[in-house]
Amino acid sequence: MTVPLDLPDSARRAKPEAGLAGMGGTIQGRSLGQIAWLRLRRDRVALAGGLVILVLVLVAIFAPLVVRLLGHPPTEFHEDLIDPSLQVARGPRGGISWDFLFGLEPVNGRDLFSRVVYGARISLLIAFLATLLSMAIGTTMGIVAGYFGGWIDTVISRLMDLFLAFPLLLFAIALVGVIPDHGFGLSGNTLRVAMLVVIIGFFGWPYIGRIIRGQTLSLREREFVDAARSLGARSPYIIVRELLPNLVAPILVYTTLLIPTNVLFEAALSFLGVGVQPPTPTWGGMLSEASRLYTIAPNFMIFPGLAIFVTVLAFNLLGDGLRDALDPRAR
Amino acid sequence: MSTPEPGGALLSVSGLRKHFPVRRGLIRHTVGAVKAVDGLDFAVTTGETMALVGESGCGKTTTGRLLTRLLEPTAGSIVFDGHDITHLSQSRMRPLRRDIQMIFQDPYSSLNPRHTVGTIVGAPYRLQKVRTEHGVKRAVQELLELVGLNPEHYNRYPHEFSGGQRQRIGIARTLALRPKLIVADEPVSALDVSIQAQVINLLADLQDELELTYVVIAHDLSVVRHIADRVAVMYLGTLVELADRDSLYAAPRHPYTVALMSAVPIPEPSRRLQRDRIRLTGDVPSPLNPPPACRFHTRCWKAQPVCRQTEPPLVELTPGHQVACHFPEDVPPATPAG
Ligand SMILES: Nc1ncnc2c1ncn2[C@@H]1O[C@H](COP(=O)(O)OP(=O)(O)O)[C@@H](O)[C@H]1O
Ligand code: SF4
Ligand SMILES: [Mg+2]
């Protein structure tokens, strides 16, 4: 069906508003996202965080290459470099040298640098995937609760309270402890990674869910939602086309802030021995082993600890910068 | 769809009510109701502009949302263009939405900040699956030109425009589907006074060009003076006076209208002297618990015991002039209309 747009000629002479004529020139408008990006580019601290994250992600992805160039295979023993009586690296500084950038692991003499590099893979993989899962569930639940309200909101909100009150660590320890070696077509550490992602991700959604629900509650009162409705828009259209674009900012910010939480959670589980199993290196696992030896081999504890610290800090700095750049109140 | 002959009623409303339940407690039981709209009767004829005027909180926006069926009435009926739309489901309502559009009060909230002007003004075509002869972009640019905006600004975002320009964008969106009826909810109250006249004039021009019927909502009588054909004055969810524009402005009959009118500046100093300025005293009572009988009696300087006991019906005192008051103001002796 076509609408006749045969406007009478006289209809085309509406007087333009004063000040409009001068607005010619550039025709492409700047979206709020572009403005936020410009603001973020001026935030050095956030950019530094972003840069560190970029390096970490590249290192994790290209871990085999990095290790080939700068280290030794992560599971290769170098017992010849270990002092047999003390069980730590011969020489000063825990064996730090051009050959072993972070020194050697006590007892078996594995290359600490390679193990920290490979540890980034597990840590970031689990944190990213778990955050993605939390975000997907949290965003969906938050929008649905906030938009539809009523009993749907009540049910989802109570569910969020329930999840937040859950003794997650204890539950995770119990659950991961009984993971079989095979299941769902996966086996060994692949299965463990999948389980960790599901457990961490599934219990993390209420954090994002609450924020999205709150934002949706206020967005749904805005008149552009009524405008869409008065044009005959259905709920899915309003949620996807009208609300979601306005939720990108909080989703982005809280995703960035949930990742470091999940890095820490994965490290804690590995520290407690219920994460990914050795010999696959994990930061938490290394810390756990190092905690018994830190007086004689401080580098064994310092480097994985530093890796966790830098990762968490970088994500938090970027997240805070994003929040400032996207803050609607600053607009 | 039937098109009533000019002069016929495009929209008629009778006994229209909207009560918002007030819920309390854990089990959210109903403890009362906000009687936002509490029994409206009026009709709007094709091609006219009817103004709906009243203080903030008297139920104007709620009425507008009922007419556009963003809300479902609690009672009464709304007949639009021969269709009873009172309780139509959203899916049955959808095709009719082409003919009824709404201009919103707040131009800062009525445009999605994440969409370009092109997306916003083109949304009606997409939502109603209407194909345009030369594509949506062309249609949108024609609409922008029609409302006095630069069609080159198609790709700009709402935050790059002033309040007046934003309101024009909103107006362009309502025109996209060439509606028959436009409900404009305080279309200029959020704008600078200097811009208000421009937007009102634009609405008047568009009405001539596109043969539109308007229900224009305003909170004071001066805004609609030049655009309205008839004026309905609303107080706490009910109509207290409904009259032709000239008749109402020349001789308001309801005390509330008189009070509202005294807030309107009078052009001629000679007449200004004749009229005492009446200040409305006291707060507007809560629509949760409106005063019985005449709802205005708590603030009316003419109130008598009967006003607290019997509700004055809206009756036609002179042709085309309806008033709901036991003691309406007298018509002043015939003086040359000013
Ligand atoms: N969704 C709602 N729920 C409860 N009360 C409402 C709602 N919308 C409006 N009201 C109440 O109805 C009354 C009339 O509101 P409104 O129609 O917005 O008035 P106006 O537009 O004339 O200022 C007010 O008391 C308002 O608080
Ligand atoms: S009915 Fe009585 S109280 Fe109500 S407006 Fe008229 S005079 Fe005033
Ligand atoms: Mg209002």
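Please refer to the structure higher up on the page.
Please read all numbers here as calculations on a predicted model, not as lab measurements.

## Observations concerning the pattern of salt bridges
And then number 1: The full count for this structure, using the stated rule, is 17 salt bridges over all chains.
And then number 2: The partner of Glu221 of chain A in a salt bridge is Arg220 of chain A, with the nearest N and O atoms 3.5 Å apart.
And then number 3: Between Lys180 of chain B and Asp81 of chain B there is a salt bridge whose closest N-O contact spans 2.6 Å. Here the residue Lys180 of chain B occupies a position in the loop between helix H5 (163–175) and strand S7 (181–185), and Asp81 of chain B occupies one in the loop between strand S4 (75–80) and strand S5 (83–84), the gap between them amounting to 99 residues.
And then number 4: Three or more residues are tied together by salt bridges with common partners; here these are Arg158, Asp161 and Arg210 of chain A.

## Details of the state of the cysteines
Residues and elements named next belong to chain B.
And then number 1: Evaluation of the coordinates by the stated rule reveals 0 disulfides over all chains.
And then number 2: Unpaired in terms of disulfides, Cys58 finds its nearest cysteine sulfur in Cys294, a separation of 14 Å.
And then number 3: For Cys58, a relative accessible area of 4% puts it in the buried group.

## Quick notes on unusual backbone geometry
Residues and elements named next belong to chain B.
And then number 1: The backbone phi angle of Asp81 is positive, close to 50°, even though this residue is not glycine.
And then number 2: With a phi angle near 55°, Glu211 is a residue other than glycine that sits in the positive phi range.
And then number 3: In this fold, Glu211 is placed in the loop between helix H6 (193–210) and strand S8 (213–218).
And then number 4: In this structure Glu211 comes out as exposed when scored by relative accessible area, which is 67%.

## Side note on the sheet that holds S8 of chain B
Residues and elements named next belong to chain B.
And then number 1: An order of S6-S7-S8-S3-S9-S10-S12-S11 is seen for the 8 strands of this open sheet, with the pairing classed as mixed. The outermost strands of the open sheet, each flanked by one partner alone, are strand S6 (100–103) and strand S11 (315–318). The average angle at which neighbouring strand axes cross in this sheet is 25°, direction not considered.
And then number 2: Two elements, strand S3 (residues 49–53) and strand S9 (residues 230–235), share 4 bridges in a ladder whose sense is parallel. Within S9, the residue paired with Leu52 across the bridge is Ala232.

## Focus on the site of ligand 1
Residue and element names in this part refer to chain B.
And then number 1: Near ligand 1 you find Phe20, Val34, Ala36, Glu55, Ser56, Gly57, Cys58, Gly59, Lys60, Thr61, Thr62 and Pro287, and these make up its full shell.
And then number 2: Between ligand 1 and Gly57 there is a distance of 2.6 Å, counted from an oxygen atom to a backbone nitrogen or oxygen.
And then number 3: Within the contact set of ligand 1, an oxygen atom lies 2.5 Å away from a side-chain nitrogen or oxygen of Thr62.
And then number 4: Contributing elements (two or more residues each) for the shell around ligand 1: strand S2 (29–45) and helix H1 (60–67).
And then number 5: Per-element tally for the shell around ligand 1: the top contributor is H1, with 3 residues.
And then number 6: Its residues assigned to classes, the shell around ligand 1 shows 5 nonpolar, 5 polar and 2 charged.

## Comments concerning the nonpolar core
And then number 1: By size, the foremost hydrophobic cluster in this structure holds 77 residues, and its most contacted members are Ile171, Leu175, Leu206, Val224 and Val231 of chain B.
And then number 2: Once residues within four sequence positions are removed from consideration, Val231 of chain B is found in contact with Ala51, Val53, Leu221, Glu241, Leu242, Ala243, Arg245, Leu248 and Tyr249 of chain B.
And then number 3: Leu112, Val116, Leu287 and Val312 of chain A belong to the second-largest nonpolar core, a separate cluster that totals 33 residues.

The rules behind the values
- Residues numbered from 1 in each chain as written.
- Chains lettered and ligands numbered in written order.
- Predicted model: local features only at pLDDT ≥ 70, side-chain atom pairs only at ≥ 80, totals over all residues.
- Heavy atoms only, no water.
- Salt bridge = Lys/Arg side-chain N within 4 Å of Asp/Glu carboxyl O.
- Helix = DSSP H or I, 4+ residues; strand = E, 2+ residues; numbered from the N terminus.
- Disulfide = S-S within 2.5 Å.
- Buried < 20%, exposed > 50% of the residue type's maximum accessible area, 1.4 Å probe, protein only.
- Pairing = 2+ DSSP bridges.
- Axes fitted to C-alpha atoms, helices over the stretch in contact; angles between N-to-C directions.
- Near = heavy atom within 4 Å.
- Polar contact = N/O pair within 3.5 Å; in protein donor to acceptor, adjacent residues only side chain to side chain.
- Nonpolar A, V, L, I, M, F, W, Y, C, P; charged D, E, K, R; others polar.
- Core = buried A, V, L, I, M, F, W, Y, C linked by side-chain atoms within 4.5 Å.
- Contact = heavy atoms within 4.5 Å.

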